[in-house]
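# Fold and geometry: a report
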Amino acid sequence: MASDDDANLMWLEKYRPKTFEDVLSQRDIIVTMLRFVNSNSVPHMLFYGPPGTGKTSTILACAKHMYGTNLKSMVLELNASDDRGIDVVRNEIKDFCSSQRVFSTGVKLVILDEADAMTSAAQMALRRIMEKYTSSTRFCLICNYANKIIPALQSRCTRFRFGPLKEEDIRLRLEQIAEKEGVPVEKDALKTIIQLSQGDMRSCIHILQSTFLSSGKVTCSTVYENTGNPSNEEMEQILHWLTEEDEFVSCYEKLKKMKAERGFALIDILRQIHKRILSRNMCRRSKTYLLERLAEIEHQLAFGCSEQLNLCSLIGAFQMMKTLEVLDAAL
Ligand SMILES: Nc1ncnc2c1ncn2[C@@H]1O[C@H](COP(=O)(O)OP(=O)(O)OP(=O)(O)O)[C@@H](O)[C@H]1O
Ligand SMILES: [Mg+2]
C-alpha cells in the first residue's frame, strides 16, 4: 500500500490505493473493471458517487494496471484545476485522441475528473469526440452527481456508482495506518471517526492524521475537539436544554453561548441530533415532526440562511413538539 519513498507524504496520498486490490468496499465495480481490462474491452465509463469513496483512486489504479510504465504517454488526466472549457475539449483532448503513439499499442485513456464542473458547451463538444475516436481512445468521466453530466454523454458511458465505504473496511484500514504510523488510538475513537465521516474514507484518514498531529493521541474527545464537533456529554447537555428548558430565550442564550465558546457549527449539532432522535424511543408523531423540521433546517443552512435564525428554528421545533405532546395527552 505505502512504500518508504512515501515517508513525507500526507497520509491521504501515502495510503491512496495503488492497485485494484487496495480499493476497499467497491468489490463489484473492481470485478467488472478487471473483466473489461483483461478482455481488452474497456468501455467509456462514468464514475459517480459521494466524495472520498475511491473514484479517482480506482481509475488511477486501472490506468497503472493497463499501461504500466507507458502510463504517461497513454493517459491524459484533467481535473478541476485544469481548464476544461470548450477550447480544451476542441484542442488538447482532440490532439491527444488523434495523435498516433509510435511504440504503443492499445487504446488510450482520457480521465476527466470532476467532470460535473465542465460547462454544458464543453460536454456537448465532447460527444462528437468520444464517438469519433472510439477506436483509439476511452474516456472516464468522474463526478459526484451523475445528473450534472448531460444525458447524451451518460448514454455513451457504462455507469459505475461508488457507494459510501463499509464501516468494517474503514476500521481495518484505519487500524493498519495507525499501526504503521505509530498512532496511539483509543478503542472507541475509530468508531467516532467513522460515524463523523459517513463512509467518506478521505475524511476518515484526514481526521486520523490531523488529530494525531495536533493532540499526539487519538481518543474520542481529541477527535471531537479537532473536528469541532460536540462530544457526547455536550450533545446530552444540548438535548437536555432543547427538551427540558421551557423558556425559549434562555434556551437560545445557553445554546448560543456554547456554540460561540466551543466554535460549533449548527450543521454538526444538527447531524448529531438527527442521529439521536432516530434512535430515541419516543412517540411516532413527535419523531416524524422533529425529523421533518430537522430536514428543513438542514436545507436552509445549505442555502446559506443565518445560523442564528436557524438556531431559533431548531429550538422552536422542540418547543412545538412539546406543545403537540401536551395536546395529544389532553385528547
Ligand atoms: N475505496 C477506497 N479504498 C481505499 N481507500 C480509499 C477508498 N476511497 C477513498 N480512499 C482514500 O481516500 C482518498 C481519496 O480517495 P479518492 O480521491 O479516490 O476519492 P474520490 O471518490 O475521487 O473523491 P472525490 O469525489 O472527492 O474526488 C484516497 O487517497 C484514499 O486514501
Ligand atoms: Mg476524485
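This one's a predicted model, so the numbers in the text were calculated from it and none came from an experiment.

## A few points about a positive patch on the surface
A cluster of like positive charges, contributed by Arg90, Lys94, Arg128 and Lys132, occupies part of the molecular surface. Elements that contribute at least two residues to the positive patch include exactly helix H5 (86–98) and helix H6 (120–132). You can see Arg90 is positioned in helix H5.

## Section: the packing of aromatic side chains
Per the stated rule, a full pass over the model turns up four aromatic pairs. Look at Phe47 and Phe160: their rings are 5.6 Å apart centre to centre, the planes differ by 90 degrees, and that puts the pair in the edge-to-face class. Residue Phe47 is found in strand S1 (residues 45–48), and its partner Phe160 is found in strand S5 (residues 158–161); the two are separated by 113 residues along the sequence. Residue Phe47 shares its accessibility class with Phe160, and that shared class is buried. Among the aromatic residues, those joined into a ring-pair cluster are Phe36, Phe47, Phe160 and Phe162. Looking at Lys108, its charged tip hangs above the ring of Phe96, at a distance of 5.3 Å from the centre.

## Digging into the pairing of S1
Of the two faces of S1, both are covered, the one formed by Met45 and Phe47 as well as the one formed by Leu46 and Tyr48. Pairing analysis gives four bridges linking S1 to strand S4 (residues 137–143), with the strands arranged parallel. Residue pairing across strands places Leu46 opposite Leu141, the latter belonging to S4. As paired strands, S1 and S5 are joined by four bridges and run parallel to one another. Bridged to Leu46 within S5 is Arg159.

Conventions adopted
Residues numbered from 1 in each chain as written. Chains lettered and ligands numbered in written order. Predicted model: local features only at pLDDT ≥ 70, side-chain atom pairs only at ≥ 80, totals over all residues. Heavy atoms only, no water. Patch = residues over 30% accessible without salt bridge, like charges linked within 9 Å, V, L, I, M, F, W, Y side chains within 5 Å. Areas by Shrake-Rupley, 256 points an atom, 1.4 Å probe, with all protein chains shown as cover. Salt bridge = Lys/Arg side-chain N within 4 Å of Asp/Glu carboxyl O. Lys, Arg positive; Asp, Glu negative; His and termini not counted. Charge placed at Lys NZ, Arg CZ, Asp CG, Glu CD. Helix = DSSP H or I, 4+ residues; strand = E, 2+ residues; numbered from the N terminus. Phe/Tyr/Trp six-rings, centres within 6.5 Å; stacked < 30°, edge-to-face > 60°. Buried < 20%, exposed > 50% of the residue type's maximum accessible area, 1.4 Å probe, protein only. Lys NZ or Arg CZ within 6 Å of the ring centre and 35° of its normal. Pairing = 2+ DSSP bridges.

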